[in-house]
Amino acid sequence: MPRLSEVIAELDALWPPERAEGWDAVGTVCGDPEAEISRVLFAVDPVEQIADEARDLGAQLIVTHHPLYLRGTTTVAASTFKGRVVHGLIKHDIALHVAHTNADTADPGVSDALAAALDLRVTGPLVPDLTDEGGSRGLGRICELDHPESLRDFAARAAARLPATAQGIRLAGDPDALVRRVAVSGGSGDSLFDAVRASGVDAFLTADLRHHPASEAVQHSQLGLVDAAHWATEWPWCEQAAAQLDAISDRHGWDLRVHVSKQVTDPWTTHHSSGAPN
């Protein structure tokens, strides 16, 4: 079995921590570098139910997309929910490793997994990483559909192929407008509207769209907006990342058992329609 340090070295090669945004908190949160790893669990959020799932699976490592401590802290006391997570992980010899914005811009990255879940053909990054001579890394992805379809049908495609959440899919724009080229960005994407408009796509699928940026976007152009739950747009990365680690395990003869959590950790649990038009 590989040691944790060996597994982390491979994960850092996939998602180099130096490519994370300066404000981000990526890397290993806890874990003994010499500990042996036989089972790994991938998830979006480092919350208690994921830690409990790892314990029940007998996993020695959790890899999450979201950081546990994004901002500085002075305590890991078990009287706080994040402290309880840390205490539980250490008590059961479970390491935690985070790949966040360094996984967003990777090739393949979070938005590649989102595009694959929607059966879209990626043509390039939405916001290219200027340090990448190959031009394949960066935030978001520009994609093409195999056949044009209405914005309504494209939103229905997202609803059918992304994990189910209480929010579901919200749509802004003319439902009958034809969609040929789309931009996608896993997670919160309304900071990317300038790049989306410049790309000339017909629609933008992302999460956490706020009222004012969304309102301005549809006033500026005929751009269609498809807004999914944050968790749902990033969960496909877990399957992609797990497959990448599986391939690494096979190459090294590690025989790791790699799992993807199916638990919905999106914070919204219930949706009631307000009678808005379909």
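Residues numbered from 1 in each chain as written. Predicted model: local features only at pLDDT ≥ 70, side-chain atom pairs only at ≥ 80, totals over all residues. Heavy atoms only, no water.

Asks: An account of the side chain of Arg 137 is needed here, citing residue identities and associated values.
Replies: Mapped onto the elements of the fold, Arg 137 is located in the loop between strand E5 (121–128) and strand E6 (138–150). Those residues in contact with Arg 137 that lie beyond four places of it in its chain are Arg 19, Thr 105, Ala 106, Asp 107, Pro 125, Val 127, Pro 128, Asp 129, Thr 131 and Asp 132. (Helix = DSSP H or I, 4+ residues; strand = E, 2+ residues; numbered from the N terminus. Contact = heavy atoms within 4.5 Å.)

Asks: Tell me about the pairing of strand E2 (residues 39–43), and please be specific about residues and values.
Replies: Along any regular strand the residues' side chains alternate between the sheet's two faces. By the criterion of burial, E2 is predominantly enclosed, with five of the five residues buried. Taken together, the four bridges between E2 and strand E11 (residues 257–260) define a ladder with parallel strand orientation. Paired with Val 40 across the two strands is Val 258, which belongs to E11. Alignment of E2 against strand E3 (residues 61–64), held across four bridges, turns out to be parallel. Note on E3: the bridge partner recorded for Leu 41 is Ile 62. For the crossover from E2 across helix H2 (residues 48–57) to E3, the handedness is right-handed. (Buried < 20%, exposed > 50% of the residue type's maximum accessible area, 1.4 Å probe, protein only. Pairing = 2+ DSSP bridges. Right-handed = clockwise from strand over helix to strand, strands pointing away.)

Asks: Explain the packing of aromatic side chains to me, using residue names and the numbers behind them.
Replies: Considering all chains together, one arrives at four aromatic pairs under this definition. Both rings, one in Phe 193 and one in Phe 204, keep their centres 5.7 Å apart while their planes meet at 75°; by these two values the pair is edge-to-face. Of this pair, Phe 193 sits in helix H7 (residues 193–199) while Phe 204 sits in strand E9 (residues 203–207), placing them 11 residues apart in sequence. On the basis of relative accessible area, Phe 193 is assigned to the buried category, the value being 4%. What makes Phe 204 buried here is its relative accessible area of 0%. Here Trp 231 and Trp 235 contribute two aromatic rings whose centre-to-centre distance is 6.4 Å and whose plane-to-plane angle is 40°, an arrangement assigned as tilted. With a gap of four residues between them, Trp 231 and Trp 235 both fall in helix H9 (residues 230–252), about one helical turn apart. Each member of the pair, Trp 231 together with Trp 235, is buried. Ring-pair connections join several aromatic residues into one group, and the members of that group are Trp 15, Phe 42 and Trp 237. (Phe/Tyr/Trp six-rings, centres within 6.5 Å; stacked < 30°, edge-to-face > 60°.)

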